[in-house]
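Results of the structural survey
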Amino acid sequence: MSVLEMKNIHKSFGSLEVLKGIDLTVEKGEVVAVIGPSGGGKSTLLRCATTLETIDKGEIIIGGDILVTTKDDKAVYCDKKMLQEVRSKFGLVFQGFNLFPHFSVRRNITEALIHVHKKSKEDADQICDQLLTKMGMLDKADSYPCNLSGGQQQRVGIARALATNPDIIFFDEPTSALDPELTAGILKVIRDLAEEKMTMVIVTHEMSFARDVADRIIFMDGGVIVEQGHAKDIINNPKSERTKSFLAGY
Amino acid sequence: MDKLISILTQLGSGFLTSIALFFLTLIFSIPLGLLVAKGRMSKNIVISSLVRFYISVMRGTPLMLQLLLVYFGPYYLFNINLRNLKLGPIDYRNIAAVIGFSLNYAAYFGEIFRSGIQSMSKGQYEAATVLGFSKTQTYFRIILPQVVKRVLPAVTNEIITLVKDTSLAQAISVIEMFTVAKQISAAQASVIPLFVAGVFYYVFNGLVEIVMNRIEKKMNYYQ
């Protein structure tokens, strides 16, 4: 069963066409890494899938819910209620963490559970404790983001995205704001999630990580998917010249 | 000594009027300021232009003139006589003062709030959006609490100015402290009442500073 279906996605910013008909399907339990040069459309693709950008044309289905379809060559989005439903199906981990600085770690994780998903405070706290234990951060539950290292902040970011038990998690360059040591810690967390068969789409510049953890790698450039395939094949034996020259830089 | 006590008691009643004017202005102008900020940032060009014009008039003309306009305007412009209007012990000149001050301060507060709201990173909105928070929830739970912390020093400035500005209500003969001080000063041919009034303002602003510092400290639990 596919958790994410994106068909023929078109997106322009003014006259600049950023996505030129992308197709991407992600199966349950699959880990897909999206690589490619900056400006190639990776982040935009992720932002379209996570409702932060609207597409001009195409179709997106997440967890069986239709976010957007196309009628008469124009994207038609679902209503507000459905939009909320779709948003509960995925989690997003940001490059810059985007934690809420005025909330404690606990509240960062439980706020949406309580006020969006209408869970009781006890249930929310229990979910929070489980996630923080998993992240090795239970002792930081009452800390504020400003008192945490970047790596710890990103763990909270991941815990926050996991809290609502989504069908799929998107990562937008989750380690780009971290030094190599902290990066390793975050990559381990993602690796563990992959072993638990969490469905994930990861935009990343960590090639060896993508090779080791992803089932499939997608190489994007110029608003199109240039090449995709089994992770090891793409990294070790890229077919297209563009992919080869990109990977040669690593 | 007796003279001083008499000055103090006379000033006291004026002081109460000043304080009432001060608090009522805050109560009305802060929420109104939030609306002004929202209107100024509106994507609707008609609303944002109107609010922009409102702000420029409120900031570009003397507060004293605005008070006169609120007080005399209804009669001279629309032939509506409100000057005999009374709400208990409060007559229209007091109401006009509160309206005038609130409208004026809302413009200043509006711009302060706008600066705070616009300083928030896009990421905060995006995180709230993908977590499923509604626009209202995002505004009141995520954005506004952070904005309050950011604008507090500027708001303190404005509040301190307001304490002193209440003396402008004398333009429409509101019997606030400064009006009283001038009257006593003229009657006694002495500057002491004016001096005492000065001390009142200074002490009151000292209290404002203490309270605002406390609030600022309380919000210092995060950076």
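As the structure is a computational prediction, the values presented were derived from the model and not from experiment. (Residues numbered from 1 in each chain as written. Chains lettered and ligands numbered in written order. Predicted model: local features only at pLDDT ≥ 70, side-chain atom pairs only at ≥ 80, totals over all residues. Heavy atoms only, no water.)

The subject of this paragraph is empty space enclosed by the protein. Throughout the structure, instances matching the rule amount to two cavities of 30 Å³ or more. Roughly 120 Å³ of volume is contained in the largest cavity. Around the largest cavity, the lining comprises 16 residues; the ones closest to its centre are F90, G91 and T164 of chain A together with V130 and L131 of chain B. Those elements that provide at least two residues to the lining of the largest cavity are α2 (80-87), β7 (90-93) and α5 (150-162) of chain A together with α5 (122-130) of chain B. Among the residues making up the lining of the largest cavity, the classes are represented as seven nonpolar, seven polar and two charged. Taken as a whole, the second largest cavity encloses approximately 50 Å³ of empty space. As for the second largest cavity, its lining consists of F15, S18, I19, F22, V163, T166, Y201 and F204 of chain B. The leading source of residues in the lining of the second largest cavity is helix α1 (residues 2-40) of chain B, at four residues. Residues belonging to the lining of the second largest cavity are distributed by class as follows: six nonpolar, two polar and no charged. (1 Å grid on protein atoms, 1.4 Å probe; cavity = no way out; pocket = protein on both sides within 12 Å on 5 of 7 lines; lining within 4 Å. Points joined across faces, edges and corners; volume = space filled by probe spheres on them. Helix = DSSP H or I, 4+ residues; strand = E, 2+ residues; numbered from the N terminus. Nonpolar A, V, L, I, M, F, W, Y, C, P; charged D, E, K, R; others polar.)

This part takes up helix α1 (residues 42-49) of chain A. Residues and elements named next belong to chain A. The buried fraction of α1 is high, at seven of eight residues. Among all positions of α1, only K42, T44, L45, L46, R47, C48 and A49 are buried. Trailing α1 by a residue or two, T51 shows a phi angle of about 70 degrees, which is positive. (Buried < 20%, exposed > 50% of the residue type's maximum accessible area, 1.4 Å probe, protein only.)

Interface size is commonly expressed as the accessible surface area that is lost when the partners come together. Chain B puts 19 residues into the contact, and the matching count from chain A is 24 residues. Both sides together, the interface formed by chain B and chain A hides about 2000 Å², and carbon and sulfur atoms give 63% of it. Considering only the side of chain B, the residues that lose the most area to chain A are V130, L131 and R141 of chain B, jointly responsible for 32% of the buried surface there. At the boundary of chain B with chain A, the tally comes to two salt bridges. E111 of chain A is the salt-bridge partner of R141 of chain B, the closest N and O atoms lying 3.1 Å from each other. (Contact = heavy atoms within 4.5 Å. Buried area = accessible area lost by both parts, 1.4 Å probe. Salt bridge = Lys/Arg side-chain N within 4 Å of Asp/Glu carboxyl O.)

Looking at soluble globular proteins, one finds that nonpolar side chains tend to be buried together. Ranked by size, the top nonpolar core spans 90 residues in total, and within it L4, M6, I60, I168 and F170 of chain A together with L11 and F101 of chain B carry the most contacts. Per element, the largest residue contribution to this core is twelve residues, and it comes from helix α6 (residues 135-165) of chain B. Once residues lying within four places of it in the same chain are set aside, the contact partners of I60 of chain A are L4, E5, M6, I9, C48, A49, I55, D65, I66, L67 and V68 of chain A. The next biggest cluster of nonpolar side chains, apart from the first, holds 48 residues, and it includes M137, A163, L178 and V213 of chain A. (Core = buried A, V, L, I, M, F, W, Y, C linked by side-chain atoms within 4.5 Å.)

Here we come to the sheet that holds β7 of chain A. Residue and element names in this part refer to chain A. One open sheet accounts for six strands, arranged β7-β8-β9-β3-β10-β11; its pairing is mixed. In this open sheet, the two strands that pair with only one neighbour each are β7 and β11 (224-230). Here the strands of the sheet are splayed against their neighbours by 15 degrees on average, with no regard to which way each runs. Relative to strand β9 (residues 200-203), strand β3 (residues 31-35) runs parallel, the two being bridged by four bridges. By the bridge assignment, A33 is partnered in β9 with I202. Against the sheet, helix α9 (residues 241-248) touches β3, β10 (216-221) and β11, its axis set at about 100 degrees to β10. (Pairing = 2+ DSSP bridges. Axes fitted to C-alpha atoms, helices over the stretch in contact; angles between N-to-C directions.)

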